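Summary of structural features
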Amino acid sequence: MTVSTTLHESEFGKAKPIPGDPGLPLLGYTLHSMLDPLGFSRKRYDKYGEISWSNTFGTRMVSMFGPDANQFVFQNRGDLFSNSQGWDFFIGKFFRRGIMLLDFEEHRHHRRIMQNAFKKPVLVQYLDEMNHPIERGIQKWLPQDDFFVLTAIKKLTLDLATEVFMGEKLGSEASVLNKAFVDTVRAGSSVVRYPVPGGRWSKGLKGRKVLEAYFMSKIAEKRASTGNDLFSQLCRAETEDGQKFSDDDVVNHMIFLMMAAHDTSTITLCTMFYHLAKNPEWQEKLRQESIALGKGHLEHDDLDKMEGMTKVMKEALRLCAPVPSVPRRTVKDVVYKNTLIPKDSLVVVSPYFTHYMPEYWKNPKQFDPDRFAEDRREDKVHPYAWVPFGGGAHMCIGLHFADLQVKAILHQILLRFKWSVDPGYTMPVDMTSLPVPGDKLPVRLEFI
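Because the structure is predicted, anything quoted here is derived from the model rather than measured.

Moving on, we get to the UniProt feature "binding site: heme" (unreviewed entry) in the protein chain. What UniProt calls "binding site: heme" (unreviewed entry) maps, in this numbering, to C396. Within the secondary structure, C396 sits in the loop between α14 (351–354) and α15 (399–416).

Another aspect to go through is the sheet that holds strand β6 (residues 326–330). Taken in spatial order, the 5 strands of this open sheet run β2-β3-β9-β6-β4, and their pairing is mixed. Two strands in the sheet have a free side with no partner beyond their single neighbour: β2 (51–56) and β4 (81–82). Where β4 and β6 come together, 2 bridges link them in antiparallel fashion. When the sheet's bridge partners are listed, S82 is paired in β6 with R329. Contacts between helix α4 (residues 83–91) and the sheet are confined to β3 (59–64), β4, β6 and β9 (346–349), with β6 contributing the most and set at about 125° to the helix.

Glancing now at helix α12 (residues 280–293). In this model α12 runs 20 Å from its N-terminal to its C-terminal C-alpha over 14 residues, within 8% of the 20 Å that 1.5 Å per residue would give. When α12 is considered as a whole, its buried residues turn out to be W282, Q283, L286, R287, E289, S290 and L293. One side of α12 carries all its buried residues, which in axial view fall inside an arc of 160°. In α12, those exposed residues whose orientation departs by more than 90 degrees from the buried face are P280 and A292. The inward-facing, buried residues of α12 abut α11 (247–278), α13 (307–319), α15 and β10 (417–420). Looking one or two residues past α12, G294 carries a phi angle of roughly 75°, positive in sign.

The strand order across the open sheet built from 3 strands is β5-β13-β10, with neighbouring strands paired in antiparallel fashion. Among the strands making up the open sheet, the edge pair consists of β5 (144–148) and β10. Each adjacent strand pair in this sheet contributes to an overall mean axis angle of 45°, direction not counted. By the bridge criterion, 3 bridges tie β5 to strand β13 (residues 442–447) in an arrangement that is antiparallel. By the bridge assignment for β13, F148 is matched with P442.

So, on to the pattern of salt bridges. For the structure on display, the rule yields 32 salt bridges. With a shortest N-O distance of 2.8 Å, E212 and R208 are connected by a salt bridge. With E212 and R208 both in helix α9 (residues 200–224) and 4 residues apart, the pair spans about one turn of that helix. Residues joined in a network through salt bridges with shared partners are E315, R318, D368, R371, R376 and E378.

Moving on, we come to the nonpolar core. Among the nonpolar cores identified, the biggest contains 131 residues, and M64, W141, F165, F215, M254 and W419 are the most heavily contacted of them. Examining the composition of this core, we find that 17 residues originate from one element, α11, more than from any other. Sequence-distant contacts of F215, defined by excluding residues within four places in its chain, comprise M166, F181, F231, V251, M254, I255 and M258.

So, how was this worked out
- Residue positions are given per chain, counting from 1 as you read along its sequence in written order.
- A pLDDT threshold of at least 70 governs which residues receive local features in this predicted model, and a stricter bar of 80 or more applies before side-chain atom pairs are shown or counted, although totals over entire chains, interfaces and linings include all residues.
- Hydrogens and waters are ignored; side-chain quantities use all the structure's heavy atoms.
- UniProt positions are given in the numbering used here, feature names are shortened, and annotations may be inferred rather than shown by experiment.
- Each helix corresponds to a stretch of at least 4 residues labelled H or I by DSSP, and each strand to a stretch of at least 2 residues labelled E; elements are numbered beginning at the N terminus.
- The pairing criterion for strands is at least two bridges between them, as found by DSSP.
- Contacts are assigned to residue pairs that have any heavy atoms within 4.5 Å of one another.
- Angles shown run from 0 to 180 degrees and are taken between the N-to-C directions of axes, each axis being a line fitted to C-alpha atoms and, for helices, limited to the stretch in contact.
- How far a helix is expected to stretch is found by multiplying one less than its residue total by 1.5 Å.
- The buried label applies to any residue whose accessible area, calculated with a 1.4 Å probe on protein chains only, is under 20% of its type's maximum; exposed applies above 50%, and partly exposed to all values in between.
- What the arc covers is the set of directions going from the helix axis to the C-beta atoms.
- Salt-bridge detection follows one rule: a side-chain nitrogen of Lys or Arg within 4 Å of a carboxyl oxygen of Asp or Glu.
- Among buried residues, the Ala, Val, Leu, Ile, Met, Phe, Trp, Tyr and Cys ones that are joined through side-chain atoms within 4.5 Å form a nonpolar core.

Structure, rendered in structure tokens:
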């Protein structure tokens, strides 16, 4: 493999241009990529290889496929790629200056401060604080033939995010904030990227204003508090030389983290729910694992004991990466495997596609948690073959929080309920923003 991080003059003549084609007039391949992302990516990979360009969402987009490409982009040696300029095209107007949308030294500075909120002692506290709200939340669930998993889990994870991250319970504003989060997330995949009344872009801008107003109204109270919730910690965070987050910094980080804390966990739990319904033997295996633990609430030391749940969660993250594609923009000319990627190119890598590559995974469309068992570890075939949390300096800062949240929720559900779907049912996945059940995942829910 020939990968260069600095483009020397002698390489200009050797590097090949990126292959590709524009697709349909105006639309390009936008609809193809949204409606059938796996099929579309496979065709591009088979036709052009690891790197190609197309017109998507009204711009020229460079797709890079496979673990080698993931590693090259995520490691970002030499600061070749900008996170901010990549994500800005999609969600910059809605999640501006969140931790994922910062670059280089500024990102490292903000991450160092924020990392304190995700260290083990704090995670232990988060888990302890969320167990009772989980119990309260699922006690409201009732057996029924059409229990919509997405609706119930999204409400539960949003409630947890507000209690654990904000230190308070939402009242009547819960539905308004939930809608604002949904609208801001969905806006990034708008085909029409202008504030047309009633359109996704317009709804996203309005949703952002709702969230800004809400968080800004709480800043003074949080700065004066002694609470251990994330919101209070960000308000009080200070470097050794006395630098603090501004009010705008805190608001920007809270909007992004609140979205990430409940949306990605919701997607993972819905995927686990679906496959455990389709594979009742695995559902019962996990239930027996939880029963054997002998306690209603998970403690932090129990997380690694849940071996079956860990394998199922990893397989769910493989089958449905919560962030299916990751954009970057080149800040200088780059050569990747003898192909020239010009400066200011919008580049996208696809964890979703990588996770389905038969070149790296056996029967990739099959639900097979044992592929993560120690005697198999298919994910070890390449260090960047399994990348649901990204990698490098921008690896998801909340990955350990996600692990404890998902396990804590599922543990309590398994002890209280069983669920099923008809044998012929296949969950439709809505890929027009983040991947969620297109029908909200109706299951038959029963008490044990």
